Amino acid sequence: QVQLVESGGGLVQPGGSLRLSCAASGIAFSISEMGWYRQTPGKRRELVASITSGGRTNYADSVPGRFTISRDNAKNTAYLQMNSLKPEDTAVYYCNIVFSVFGTRRDYWGQGTQVTVSS
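These numbers were taken from a predicted model, which means no experiment stands behind them.

**A look at the sheet that holds strand β7 (residues 67-72)**
Phase 1 of the analysis: Pairing within the open sheet is antiparallel, and its four strands lie in the order β1-β3-β8-β7. Both edges of this open sheet fall to β1 (3-7) and β7, since each of them pairs with a single strand only. The average angle at which neighbouring strand axes cross in this sheet is 15°, direction not considered.
Phase 2 of the analysis: Relative to strand β8 (residues 77-82), strand β3 (residues 18-25) is paired through six bridges, and the arrangement is antiparallel. Counted as the bridge partner of Ala 23 is Thr 77 from β8.

Next up, the structure:
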């Protein structure tokens, strides 16, 4: 079974930092893309950052200069370094992975980890 283990969430003060980790297991194929999404009550899930196996990154407009995504391909693990956190960053953060099985695109979601930015 495919499993995504997310960690690093929690409560942090405005201006603080957190580092989220997402470790994928049970994958017999190479993961082409890993990403972080977030969702708050009443809003749609939105992309925060993503990274391909080749290192190409994509960020939401609200996070450049504050968040950095990276990955360790050998360990199938993605990281999201979050600095200068703001209250509006409060959300449930979900890890997502994308891979192909004989040319068919597949994706899986983690269970989510809560990030709360508050004084």
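Once the structure has been displayed, the description carries forward.
**What about the layout of surface pockets?**
Phase 1 of the analysis: Counted as a void, the largest pocket has a volume near 150 Å³.
Phase 2 of the analysis: Lining the largest pocket we find Arg 38, Gln 39, Thr 40, Lys 43, Arg 44, Glu 46, Glu 88, Thr 90 and Ala 91.
Phase 3 of the analysis: Considered class by class, the residues forming the lining of the largest pocket number one nonpolar, three polar and five charged.

**Details of the pairing of strand β9 (residues 91-101)**
Phase 1 of the analysis: Here β9 lies mainly inside the structure; nine of its 11 residues are buried.
Phase 2 of the analysis: Pairing analysis gives eight bridges linking strand β4 (residues 31-39) to β9, with the strands arranged antiparallel. Looking at β9, one finds that Glu 33 is bridged to Val 98.
Phase 3 of the analysis: Sheet topology note: the β9/strand β11 (residues 113-117) ladder contains three bridges and is antiparallel.

Definitions and cut-offs
- Residues numbered from 1 in each chain as written.
- Predicted model: local features only at pLDDT ≥ 70, side-chain atom pairs only at ≥ 80, totals over all residues.
- Heavy atoms only, no water.
- Pairing = 2+ DSSP bridges.
- Helix = DSSP H or I, 4+ residues; strand = E, 2+ residues; numbered from the N terminus.
- Axes fitted to C-alpha atoms, helices over the stretch in contact; angles between N-to-C directions.
- 1 Å grid on protein atoms, 1.4 Å probe; cavity = no way out; pocket = protein on both sides within 12 Å on 5 of 7 lines; lining within 4 Å.
- Points joined across faces, edges and corners; volume = space filled by probe spheres on them.
- Nonpolar A, V, L, I, M, F, W, Y, C, P; charged D, E, K, R; others polar.
- Buried < 20%, exposed > 50% of the residue type's maximum accessible area, 1.4 Å probe, protein only.

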